[in-house]
Amino acid sequence: VGHCHPDIVKAAHEQNQLLNTNTRYLHDSLVDYAERLSQTLPEKLCVFYFLNSGSEANDLALRLARQYTQHEDVIVLDHAYHGHLTSLIDISPYKFRNLEGQKEWVHVAPVPDTYRGLYREDHEDPVTAYANEVKNIIEQAQKRDRKMAAFFVESLPSVGGQIIPPAGYFQKVAEHVHKAGGVFIADEIQVGFGRVGKHFWAFQLQGEDFVPDIVTMGKPIGNGHPIGCVATTKEIAEAFAATGVEYFNTFGGNPVSCAVGLAVLDVIEKEHLQAHATEVGNFLMKLLKELKVKHPIIGDVRGSGLFIGVDLIK
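In short, a report on the structure. (Residues numbered from 1 in each chain as written. Predicted model: local features only at pLDDT ≥ 70, side-chain atom pairs only at ≥ 80, totals over all residues. Heavy atoms only, no water.)

### Here's the deal with the environment of His107
Move 1: Examined against the element boundaries, His107 turns out to sit in strand β3 (residues 106–109).
Move 2: On the basis of relative accessibility, which here comes to 8%, the residue His107 falls in the buried class.
Move 3: For His107 and Asp73, which are 34 residues apart along the polypeptide, the C-alpha to C-alpha distance reads 7.6 Å.
Move 4: Look past the residues within four positions of His107 in its chain and what remains in contact with it is Asp73, Val74, Ile75, Val76, Gln102, Ile137, Ala141, Arg144 and Met148. (Helix = DSSP H or I, 4+ residues; strand = E, 2+ residues; numbered from the N terminus. Buried < 20%, exposed > 50% of the residue type's maximum accessible area, 1.4 Å probe, protein only. Contact = heavy atoms within 4.5 Å.)

### A closer look at the packing of helix α2 (residues 28–38) against helix α9 (residues 255–270)
Move 1: Running from N to C, α2 and α9 point in directions that differ by 30°, and their axes come no closer than 9 Å. Regarding the angle of α2 to α9, the classification is roughly parallel. The handedness of the crossing between α2 and α9 comes out as left-handed. Taking contact as the criterion, the partners of Ser29, Leu30, Asp32, Tyr33, Arg36 and Leu37 in α2 are, on α9, Pro255, Cys258, Gly261, Leu262, Leu265, Asp266 and Glu269.
Move 2: For the contact of α2 with α9, the per-class residue count stands at seven nonpolar, two polar and four charged. (Axes fitted to C-alpha atoms, helices over the stretch in contact; angles between N-to-C directions. Parallel < 35°, antiparallel > 145°, perpendicular 65-115°, else oblique. Left-handed = near helix turned anticlockwise from the far one by under 90°. Nonpolar A, V, L, I, M, F, W, Y, C, P; charged D, E, K, R; others polar.)

### Examining the environment of Val264
Move 1: The topology assignment puts Val264 in helix α9.
Move 2: Take Val264: its relative accessible area is 1%, and that puts it in the buried class.
Move 3: When the C-alpha positions of Val264 and Lys219 are compared, they lie 12 Å apart, and in sequence the two are 45 residues distant.
Move 4: In this view, Val264 contacts Val1, Ile8, Pro220, Ile221, Gly222 and Asn223; residues no more than four positions away in its chain are not counted.

### Comments concerning the packing of helix α3 (residues 54–69) against helix α8 (residues 234–241)
The relative placement of two packed helices comes down to the angle between their axes together with the axis-to-axis distance.
Move 1: Interhelical geometry of α3 versus α8 gives an angle of 85° and a closest axis separation of 8 Å. In terms of axis orientation, α3 runs roughly perpendicular to α8. Facing Leu60, Arg63, Leu64, Gln67 and Tyr68 of α3, the residues of α8 in contact are Glu235, Ile236, Ala239 and Phe240.
Move 2: Residue classes in the contact of α3 with α8 are distributed as six nonpolar, one polar and two charged.

### A few points about the sheet that holds strand β2 (residues 73–77)
Move 1: The strand order β1-β7-β6-β5-β4-β2-β3 describes an open sheet built from seven strands, whose pairing is mixed. At either end of the open sheet lies a strand with only one pairing partner, and these are β1 (47–51) and β3. Ignoring which end each strand starts from, the neighbouring axes of this sheet average 20° apart.
Move 2: Pairing of strand β4 (residues 148–154) with strand β5 (residues 183–187), which is carried by five bridges, proceeds in the parallel orientation. (Pairing = 2+ DSSP bridges.)

### Thoughts on the pattern of salt bridges
Move 1: Per the stated rule, a full pass over the model turns up 16 salt bridges.
Move 2: Between Lys103 and Glu100 there is a salt bridge; the shortest N-O distance is 3.3 Å.
Move 3: Take Glu100: its relative accessible area is 70%, and that puts it in the exposed class.
Move 4: We note a salt bridge from Arg146 to Glu104, for which the minimum N-O separation is 3.4 Å. Of this pair, Arg146 sits in the loop between α6 (126–143) and β4 while Glu104 sits in the loop between α5 (93–96) and β3, and the two are 42 residues apart along the sequence.
Move 5: A residue is classified by how much of its surface remains accessible, and Arg146, at 14% relative accessible area, is buried.
Move 6: A single salt-bridge network, built from bridges that share partners, covers Glu72, Asp73, Glu104 and Arg146. (Salt bridge = Lys/Arg side-chain N within 4 Å of Asp/Glu carboxyl O.)

Now the structure itself:
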């Protein structure tokens, strides 16, 4: 919502003057903020955990998935990056290839990229072809007695090249993953909160019928203030709570963070930033496509709202 947005600064300052404490002390703003966020999400995503960053959110998502499924293995997309904690470097091919390499419990699926990828625009059914790659990974892993905890994916792969997965891909993948006893985790840390314009969440680009089991948030959620969030279903949260080891985060969801989070949602709504992302994104895409006609080095222009990729080729 812009640097030092006066509404955000004011909300943080006012709450700072009243109270900022750790989250063992109950405060209404936590519930108010969770309720407000829940209005933007599908109904079944109704339990919220607040943390200090996107990396913390993704790490917790991994724990939730493993506790709920009682499985260990994770499928990720090639070139993915999910955060800087050890657990997340392990599921980020973008990082682990330069470090300790791929762990036995990590499986890498091809990016559903119809411009550069395995199956391109001219393929008769790239959606099924890419989803079948995930299915094959599951089948091969099961032969080695590996069990799937989760398919972990950015709703629009960013580090991998601003990729827009073909609509229907998530539904088909989710079917294979659920059948294997795993859950579907949508990482919205870079692409959520109206950035894609048409929808508030990027996973909604896949269609109304698609709902992930876990959604993670970070970055724009606090406009630079350290806050993250995991939204999930009652079933997953209950399985997690049943261990008796409660989830506790000293400052995740503190009153100041919640005041900031609420102010961000207010600004997005009040200033029609989602519609703005659509409008400016369309304008930018139009100009980029005009450049593409003039310059053969521009191979592809793709995007949604203000999530845009320009592919340069030789």
